[in-house]
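Below are the chains, spelled out letter by letter.
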Amino acid sequence: MEIKTIKKIGVLTSGGDSPGMNAAIRAAVRAGFYYDIEMFGIYRGYEGMISNDIEKLDSGHIGHILERGGTFLKSARSDEFRTKEGRQKAFDNLKSHGIDALIVIGGDGSLTGAHLFYKEHGIPAIGLPGTIDNDLSGTDLTIGFDTACNTAIEAIDKIRDTATSHDRLFFVEVMGRDAGFIAINAGIGSAAAAILIPEKKMQIEDLVEKLKARRKRKKTSNIVIVAEGGKSGGAAEIARKVQKFLPYYDTKVTILGHLQRGGAPSSYDRLLASKLGVMAVEGLLAGKYDVMTGIINNKVVYTPIKRAIVDDKAVDEDDFRIAKILST
């Protein structure tokens, strides 16, 4: 594969926002300046690429954004980019600015777009795993996951205060789409009574027996963590089913929702995003195209985007076993 001379790089964030995206943008732009490359911000993801909402960036754009949640480049989903005509518009706009490479920060849908765009138009692209779901292969943790877990645990700790005061049974639903990484980590970190994740189906009868056993041991509060997208349904549905068997509990449901996407990134997410932002620029200059940067065993690695989005990333069996032990 021919290594192209890269002089101008476009940066975009796409899909759901995650804490640390701004840190990743900042790192990529600063690395670009270091290597004497012009950096361009593409606003609202692929939608902005199609509408030509593209701006050359300078140091003023990235001042004091490291500690901010969200993404100053904004994010959006683009139905038009799914069409060949839309991608042709995007390509023409990039060429009008002289942009010859892309850094795409987002989840599997965003990286799929980068892969397809590279295959069709030959624009070198590197992806950064920006998603709270932690469901991309090729990296131990994704940008935003650590912050989302911290946010969930802080919320659950507050819920426990009222659960203990009233001997209540709480079902708390966390995000993660069809992956249980936030649920399992938040569950262990908040001493949950049970954790329901898409990867492991728990029968309602088994959950009821578990809660009955805890009641016999005079547990003063019970919090069940439910990952969205689970096979047994959402937190509200599961709570209704369980309450039929345990009518003596004052049962409550809390859905944390998009609260988990906001807030200042944790120190780990700032470090992760900063490392990957720099390595994305250096990867492009070294001829690493159509790949995603990630960190495995504390080492930065480049994984083909196709593998990163296709390979299943499973919840660690040890984590699930540990959660089961600690909740008895």
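Here the structure is a predicted model, which is why all the values come from computation and not from measurement.

What counts and how
- Residues numbered from 1 in each chain as written.
- Predicted model: local features only at pLDDT ≥ 70, side-chain atom pairs only at ≥ 80, totals over all residues.
- Heavy atoms only, no water.
- Pairing = 2+ DSSP bridges.
- Helix = DSSP H or I, 4+ residues; strand = E, 2+ residues; numbered from the N terminus.
- Axes fitted to C-alpha atoms, helices over the stretch in contact; angles between N-to-C directions.
- Contact = heavy atoms within 4.5 Å.
- Buried < 20%, exposed > 50% of the residue type's maximum accessible area, 1.4 Å probe, protein only.
- Parallel < 35°, antiparallel > 145°, perpendicular 65-115°, else oblique.
- Left-handed = near helix turned anticlockwise from the far one by under 90°.
- Nonpolar A, V, L, I, M, F, W, Y, C, P; charged D, E, K, R; others polar.
- Core = buried A, V, L, I, M, F, W, Y, C linked by side-chain atoms within 4.5 Å.

Visitor: Please explain the sheet that holds strand 5 (residues 125–129) as it appears in this structure.
Guide: Through backbone hydrogen bonds, the strands of a sheet pair up, either in parallel or in antiparallel fashion. The strand order across the open sheet formed by seven strands is 3-2-1-4-5-10-11, and the pairing between neighbours is mixed. Both edges of this open sheet fall to strand 3 (54–56) and strand 11 (299–304), since each of them pairs with a single strand only. Neighbour to neighbour, the strand axes of the sheet diverge by 25 degrees on average, direction disregarded. Pairing between strand 10 (residues 291–296) and strand 11: six bridges, direction antiparallel. Of the residues in strand 11, the one forming a bridge with G294 is V301. Across the sheet, helix 3 (residues 84–97) lies against strand 1 (8–13), strand 2 (38–42), strand 3 and strand 4 (101–106), angled at about 20 degrees from strand 3, the strand it touches most. With respect to the sheet, helix 4 (residues 108–121) is in contact with strand 4, strand 5 and strand 10, its orientation differing from that of strand 4 by roughly 160 degrees.

Visitor: Sorry, what's going on with the pairing of strand 6 (residues 168–174) here?
Guide: Side-chain direction in a regular strand flips from residue to residue, so the side chains alternate between the two faces of the sheet. Extensive coverage of strand 6 is indicated by the burial of seven of its seven residues. Along strand 6, one buried face is formed by R168, F170, V172 and V174 and the opposite face, lined by L169, F171 and E173, is buried too. Alignment of strand 6 against strand 8 (residues 222–227), held across six bridges, turns out to be parallel. Note that in strand 8 the partner of V172 across the bridge is I225.

Visitor: Honestly, the packing of helix 5 (residues 145–166) against helix 6 (residues 181–189) in this entry has me stumped. Any pointers?
Guide: The geometry of a pair of packed helices is captured by two quantities: the angle between their axes and the separation between those axes. In the contact formed by helix 5 and helix 6, the axes pass within 9 Å of each other and the chain directions differ by 45 degrees. Of the possible angle classes, the one that applies to helix 5 and helix 6 is oblique. Crossing hand, helix 5 versus helix 6: right-handed. Only F181, I182, N185, A186 and G189 of helix 6 make contact with helix 5, whose side of the interface consists of F145, A148, C149, A152, I153 and I156. The residue makeup of the contact of helix 5 with helix 6, split by class, is nine nonpolar, two polar and no charged.

Visitor: Explanation requested: the environment of E199 in the structure shown.
Guide: Note on placement: E199 falls in the loop between strand 7 (194–196) and helix 7 (204–216). For E199, a relative accessible area of 33% puts it in the partly exposed group. Between the C-alpha atoms of E199 and L102, which are 97 residues apart in sequence, the distance is 34 Å.

Visitor: I'm lost on the sheet that holds strand 9 (residues 250–255) in this one. Help?
Guide: Across the sheet, four strands lie side by side as 7-8-6-9; this open sheet has parallel pairing. Every other strand in the sheet has two partners, leaving strand 7 and strand 9 as the edge strands with one partner each. Ignoring strand direction, the axes of neighbouring strands in this sheet form an average angle of 20 degrees.

Visitor: Before we go on, may I ask you to explain helix 6 in this structure?
Guide: Given 3.6 residues per helical turn, the α-helix brings residues three or four places apart onto the same face. Those residues of helix 6 lying buried are F181, I182, A183, I184, A186 and G187. A positive phi of about 60 degrees marks A191, the residue just after helix 6.

Visitor: Where do I start with the nonpolar core in this structure?
Guide: Side chains of a nonpolar character, in soluble globular proteins, are inclined to be buried together. Counting residues in each nonpolar core, the largest one holds 34 residues, and the members touching the most others are I9, F72, I103, I105, L128 and L284. Elements with a contribution of two residues or more to this core: strand 1, helix 1 (21–34), strand 4, strand 5, helix 9 (267–285) and strand 10. For this core, the element with the most residues is helix 1, which contributes seven residues. Not counting residues up to four positions away in its chain, the partners in contact with L284 are I6, I9, A101, L102, I103, P124, A125, I126 and Y289.

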